[in-house]
Structures are given as structure tokens and as C-alpha cells.
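Residues per chain are reported as follows:
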Amino acid sequence: MTQDTLSTVPAENTYTAEAIQVLGGREAVRRRPGMYIGSTDQRGLHHMVYEIVYNSIDEAMAGYCNRIEVTILPDNAIRVEDNGRGIPVEVHPATNKSALETVMTILHAGAKFGGKTYQVSGGLHGVGASVVNALSSWMQVKVRRNGKVYQQEYRQGVPQGDVAEVGEASDTGTTTTFLAVAEIFGQISIDFNVLAERLREMAYLNKGVEISIRDERKDIEKTFYFEGGITSFVQHLNRDRHLVHKQPIYIYKAVNSTIVEVALQYNDGYAEVTFSFANCINTADGGTHMTGFRSALTRVLNDYAHKSKMLKEDEPNLTGEDVREGLTAVVSVKLSEPQFEGQTKGKLGNIEIKSQVEGVVGEQLTLYLEEHPDDARRIIDKCITVAKAREAARKARDLVIKKSSLEAGTLPGKLAGCTEKEPERVELYLVEGESAGGSAKQGRDRRFQAILPLRGKILNVEKAAADKMVAHEEIRAIVTALGAGFNEEMDLTQLRYHKVILMTDADVDGSHIRTLLLTFFFRHMSELINKGHLFIAQPPLYQIKHNKNSYWAYSEQEKDRVMEQLKDAKKVDIQRYKGLGEMSAEQLWETTMNPETRTLLQVSVEDAANADYIFHVLMGEEVPPRKAFIQSHARSVKNLDI
Ligand code: 0RA
């Protein structure tokens, strides 16, 4: 047998079969300590302590132990004492060794003992006491059992004698003391606070078990005991929070040999704080127990929200994110053979656990909500608020994405461009209706006039959120055609047309669309108005024909004036234009588009602000101001369509 350089075991002359096996296991551990305890630094050293503590925790989980004391001795040795049944010391006839010696010297011994499942809380590496023993320059185990104290000592994992009776005992329990091998762990230094935090966690995960840690190097001590277990854990995590419901929800059930335990409580914050454990080992990367928990949580809250009509049938379900915002939860499972996966072994892999957790949480959370309707309503309310906020955030995000796509966007297909490109010399007509758009395209001077036809009634922008307005196809076409962006990102140096002309019908729909467009420009492109780029075309209201003469009247007064002048004339033909589409292309050019003869109204900020106000009043959700407005403007607002 080759001797490991780290091994300081004195060579022995004779080996029994068991001794070879024992030393073989010991040698393997000494050769690659990192493979058994993770690392050979301070972390690994702490793992050594945990491995011993886990054994006592197992005894506690089995229901036989409620006190564990960890002591850091002045020379950095560690003592772990429990009040369990005491490790059996009886000699096994097959091996002729005591159970105690077997557990302390044979690798992986102890997983099953006396037909009972043992070691449920397997450590990160689940290797047990024999590994710690193999990596200890010295170890002593004292067992109080049968009214006696038994003891065995080891050096470098090798027993220094048989188990011996050394005194009388009035109680039962196990005390393990060890000193890690200095050559393996370098300058040994145990961190009291690191151990204390882990032990606090263990105390939370094992309610009713008192775990204390004492540091004899500094004479400090801490004791952890949580009657509420993980419920206390959740309360601790939520200690500075505004709570959505007073008491954490506690779920516990044993399914087959698996114990599922969950505590959860919502606070009014945004973060999800979930700790998950498998056999008291923190599973930082979640795993099957977390998957089961999350899926049950989402399903149960949705079911309740629908059943209680807090969510209407046509409303979308709450998402996982919705139900996890402000959630503080501890999920703890205890199972007989945990599989830890992933790079850092921080993920539980046992597949059967998912459905077990899902089932237990599904059943018991449903019950809880039914029995606590006030809590249920508060929780669902909170989730719905989150859902709404998330939806609003999504829209805002979409807006940004759309905005960038607008900036880079290709010109809208409906745009009839002009041949000249110099922005100062060219103008864009925004024309209501496809047919008017057709006439405008025919009638225009294509060298400097571009036409963008807009389809009929555009959406009700006020009711829709501002972001929806920009999402609207017609509005987007305008933004793209103008090329200067909108909102904060508006850049007039990129404006492709220095005259933007709204050309709408002189009827109800026309006025609607004009109001809407003005509102849009006012809210999202105010620079365009401020710098005097926005105009309103003035199509005539009437054509008055007399003999070969034709007059265009652009207002009622103008019409009255012309008629007054022609009052003695015969055969006066008067035609009212309602829509741009009623005019021929030539007429449209002559009356409305020809720079020599047309009249353009330049839009002022006041006009636009007024449109915005009208828009708000006419189309907004608030009914009272709308009614008041209609009543006081009944005369002046003719094209009112409500
Ligand atoms: C198996 C059987 C029995 C006790 C233990 C294990 C045990 C192991 C450890 C390790 C640290 N503390 C411990 N406490 C108990 C007892 C079986 C019986 O008495 O019937």
C-alpha cells in the first residue's frame, strides 16, 4: 500500500480485511480531501464541522434530540454535543466491531443502520463522520447510553483502541471532538460568525431544536431556538417590511418518506426572497422542489382570483412574476436520497419531489385561502396590482422599441413622395381618407408636395394610453414620414418636410381627425408647432357658380357676402362641399393646394393646446367635464360628434 505524503499514520504490520478497507477509505479521503469536503480552505474546514452537526440534526429529525451544542475550543478543535440516543456501541457479530467504530472509520457507513433509514440531512457531500475523522489529526467520540459513558479515540482516522466504558451517564447523547489536520487545511482558523449563521439556519429548519455555539477562544456564545421553525425564518426575513397579511402561511406534510415544508408571506416590496433547502442544505440554485412550489403558487392564486371574481374571465392570468413580487418564502424538503446537481451542487435534482411539493402546496394553500378570505383578498389584490404595473412597464418598453424602429424605419408604403428633397422647399399633406388622398395625389405638384393618406377614424387617443397612440399605425406612418422622431427624442434637424399640412374634410369626421392630429402633435411633437412647421389646409365650403364664373367660399360669412353680391343675378348655382373627395383633382389643387391661391392656417401652440383640451373633454373618460363643455359650447362647436 502506498503511503500518502500527507498521511502520518504509523505503519502497521498486520491488516485484517476490515482494516484494509478502513485504511483504504481513509487513504482515498486523505489523497483527495477536496473531493469529499469540497475544498481544503476555510470553507472546507467549516464543512468538517457541519458534517458532524448534520449527524446530530439527523437524530433531531428522527425526533430523539432537541439540543445541539457546538464549541470552538481554544486550540481550534471543535466539539459537537447532542442529547440524542447516542451512537450504538454494541459489537456487530459479523464484523466483530462496534457500531460506533464502524460509523467513524468506514467510508459511507451509517447510511443505513439497523434497518432504519439514517442520515437524512446528508451534507453537501454527504460523507459523514468517517471523512471528518480521516481528516482529523485527533478525534474523540463519547457516547452516553445505557447509563454508561463509552469512548473511542482516533488519530488520523485510525482507532487508538477499542470502544471503552469510561464512566456513568444519567442521560443519553453523543459528543464528538476533533482537530482538523493542519497540513491539509493550512493555517486553521474557524470563523465563529460563519458557523453561527449556518447554525441559525439549521435551527430555523428544525423547529424546536436548540442549537448553540460557543467560542472559547473569545468567550462568546449564541443560542438559536425557533419554535416556529421556517415560519420564524420568514418573519425574520420580513422583519422590516410592510406586510400584506399578518401571519406567514405555513404548509407541512409528509408524503411517503418526503417531508414538505413551506412558509410564505407577502410584503409590499418588489423583491422575491426565497430560500430553499433540501435536507437542511441550502439549494441556492433551486431545483425540483422550487419548480413544484412555484407552479403550485401560480396555479392556486389564479384559481382563487378567478373563483372569487377578482380576476374576470376575460382577464389574463397572473404570471409567475406577478405572484412572486414581494414574496418571502422558505421551502424546505427532507428526503432520503437527495441528489444535488450543478457546478456548485446547489440544485436539487430528484424529479419525484416536484410533484410532491406541487401537490402539498396546491392542496394546503388552497385550503388556507378558503379559510382566510381577508388574507386571500389582500394577496390577490397585490398580485393584480403587480400585473397591471408589469403591463404598463411592458407598454413603455414597447414604446421605446417601437420608437427606435420608427427612427430607423422605412418610409410608409402609402406615402407619395415628392421629387425634390430639400426639407425647406417641400411639404407633406396629411390627408384624411383614401379617396381624398387619391385626388390630392393627382392634383398636387409632385415636385415639392408629398401626400400621406390617413385612414378614416383614428383611434380614441385619450382613452387609450399615450403609448398606444404612438403604436397606432397611422400615427407611426406620420412619425416615420417626418423622420424627426417624437417626444424627448425629437430632432427637428432631421425633419424631412418643413411644411406639414393637415388636410381634412369640413365635416364631423374631419374635425375629429384634425383635433386628434393636433392633439398628437401638441403632446408628442410640440417642437414642430413651436417652430411653425404645422399648418391646416383650408378647403372651401362652397362653390358658387354664376355664368362662367366660379367663386369659392371658405366660410359661411364669405358665402353670404358672395350671395349678397349676386343677389340679383339669375342662375346662381351653389354647391356645398362636404368632403375633399367631392372635388376633382384640379379643383383640389386650385382651391386648397396651389401655393399661389390657397390659404394655409399656421397652427399656434394655443390652437394645439386648445385642441388638446377639446380632445380631452370630448373623448376623455371623465363624463362631467365633457357634458359641461358640450352645454357651454353647443353653439360654437358645430362639428360635434359624440
Ligand atoms: C443510529 C442509531 C441510533 C443512534 C444514532 C444512529 C445516532 C447517531 C448520531 C450521530 C451523532 N449523534 C447521534 N445520535 C444518534 C440509536 C438506535 C437505538 O438506540 O435504537
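No experiment lies behind these values; they were computed from the predicted model shown.

Thresholds applied
- Residues numbered from 1 in each chain as written.
- Predicted model: local features only at pLDDT ≥ 70, side-chain atom pairs only at ≥ 80, totals over all residues.
- Heavy atoms only, no water.
- Phe/Tyr/Trp six-rings, centres within 6.5 Å; stacked < 30°, edge-to-face > 60°.
- Helix = DSSP H or I, 4+ residues; strand = E, 2+ residues; numbered from the N terminus.
- Buried < 20%, exposed > 50% of the residue type's maximum accessible area, 1.4 Å probe, protein only.
- Lys NZ or Arg CZ within 6 Å of the ring centre and 35° of its normal.
- Pairing = 2+ DSSP bridges.
- Axes fitted to C-alpha atoms, helices over the stretch in contact; angles between N-to-C directions.
- Contact = heavy atoms within 4.5 Å.
- Near = heavy atom within 4 Å.
- Polar contact = N/O pair within 3.5 Å; in protein donor to acceptor, adjacent residues only side chain to side chain.
- Areas by Shrake-Rupley, 256 points an atom, 1.4 Å probe, with all protein chains shown as cover.
- Nonpolar A, V, L, I, M, F, W, Y, C, P; charged D, E, K, R; others polar.
- Salt bridge = Lys/Arg side-chain N within 4 Å of Asp/Glu carboxyl O.
- Expected span 1.5 Å × (residues − 1).
- Parallel < 35°, antiparallel > 145°, perpendicular 65-115°, else oblique.
- Left-handed = near helix turned anticlockwise from the far one by under 90°.

Student: Honestly, the packing of aromatic side chains in this entry has me stumped. Any pointers?
Tutor: For any pair of aromatic rings, geometry is given as the distance between the ring centres together with the angle between the planes. Counting across every chain of the model gives seven aromatic pairs. Residues F233 and F277 carry aromatic rings whose centres are separated by 6.2 Å and whose planes lie at 40 degrees to one another, so their mutual orientation is tilted. Here F277 lies in strand β16 (residues 273-278) and F233 lies in helix α8 (residues 230-237), a separation of 44 residues in the sequence. For F233, a relative accessible area of 6% gives the class buried. An aromatic cluster of at least three residues, connected via ring pairs, comprises Y204, F226, F233, F275 and F277. Positioned over the ring face of Y64 is R85, at 3.7 Å from the centre of the ring.

Student: Whenever I open this one, the sheet that holds strand β26 (residues 549-553) confuses me. Can you help?
Tutor: Across a sheet, strands are paired by hydrogen bonds formed along the backbone, either parallel or antiparallel in direction. Here three strands make up an open sheet; going across it, the order is β26-β25-β27 and the pairing antiparallel. Both edges of this open sheet fall to β26 and β27 (572-576), since each of them pairs with a single strand only. Adjacent strand axes in the sheet meet at a mean angle of 20 degrees when their direction is disregarded. As defined by bridge partners, strand β25 (residues 542-546) adjoins β27 across five bridges and the pair is classed as antiparallel. Bridging across to β27, H546 finds its partner in V572. Across the sheet, helix α18 (residues 556-565) touches β25, β26 and β27, and the angle it forms with β25 is around 10 degrees.

Student: Looking at this structure, I do not really get the site of the ligand. What am I missing?
Tutor: Looking at the ligand, there are ten residues lining it, with N55, E59, D82, I87 and R145 nearest. Between the ligand and the protein, one listed contact pairs a nitrogen atom with a side-chain N or O atom of D82 at 2.7 Å. At 2.9 Å, a side-chain N or O of R145 approaches an oxygen atom of the ligand. Relative to its unbound accessible area of 450 Å², the ligand is 82% covered by the protein chains. Among the residues forming the shell around the ligand, the class breakdown is three nonpolar, three polar and four charged.

Student: What is the right way to look at the side chain of Q265 in this model?
Tutor: By the secondary structure assignment, Q265 is in strand β15 (residues 258-266). With relative accessibility at 1%, the residue Q265 sits in the buried group. In this structure the side chain of Q265 is engaged in a polar contact, spanning 2.9 Å, whose partner is the backbone oxygen of H245. Only 2.8 Å separates the side chain of Q265 from the backbone oxygen of K246, close enough to count as a polar contact.

Student: Help me understand the pattern of salt bridges in this model?
Tutor: For side chains bearing opposite charge, pairing can occur when the charged atoms are close. Under the criterion given, the structure shown has 29 salt bridges. R377 is the partner of D381 in a salt bridge, and the nearest nitrogen-oxygen pair spans 3.7 Å. Placement of both D381 and R377 in helix α12 (residues 373-407) is noted, with a separation of four residues, approximately one turn of the helix. Judged by its relative accessible area of 39%, R377 falls in the partly exposed class. Among the ionic pairs, D445 bridges to R447, the shortest N-O distance being 2.6 Å. Here D445 falls in the buried class, since its relative accessible area comes to 15%.

Student: Please explain helix α11 (residues 352-371) as it appears in this structure.
Tutor: Helical geometry: 3.6 residues make up each α-helical turn, so side chains three or four residues apart lie on a common side. Compared with the 28 Å implied by 1.5 Å per residue over 20 residues, the 29 Å span of α11 between its first and last C-alpha is a close match. Those residues of α11 not exposed but buried are I353, Q356, V357, E358, V360, V361, G362, Q364, L365, Y368 and L369.

Student: Just to check I follow, could you spell out unusual backbone geometry for this structure?
Tutor: The phi angle of most residues is negative, glycine excepted, and most peptide bonds adopt the trans form. Even without a glycine there, the phi angle at N146 is positive, about 55 degrees. Mapping N146 onto the fold places it in the loop between β7 (136-145) and β8 (148-155). By relative accessible area, which is 49% here, N146 ends up partly exposed. Even without being glycine, C280 reaches a positive phi, approximately 70 degrees. Structurally, the position occupied by C280 is in the loop between β16 and β17 (281-282).

Student: How should I be thinking about the packing of helix α3 (residues 42-61) against helix α7 (residues 192-205) in this particular structure?
Tutor: Geometry of a packed helix pair, given as the angle between the helix axes and the separation of the axes. Orientation of α3 relative to α7, taken along the N-to-C sense of each, is 25 degrees, at an axis distance of 11 Å. Judged on the interaxial angle alone, α7 and α3 are roughly parallel. For the crossing formed where α3 meets α7, the hand is right-handed. Contact with α3, carried on its side by H46, V49, Y50, V53, Y54 and I57, involves V194, L195, R198, L199 and M202 of α7 and no other residues of that element.

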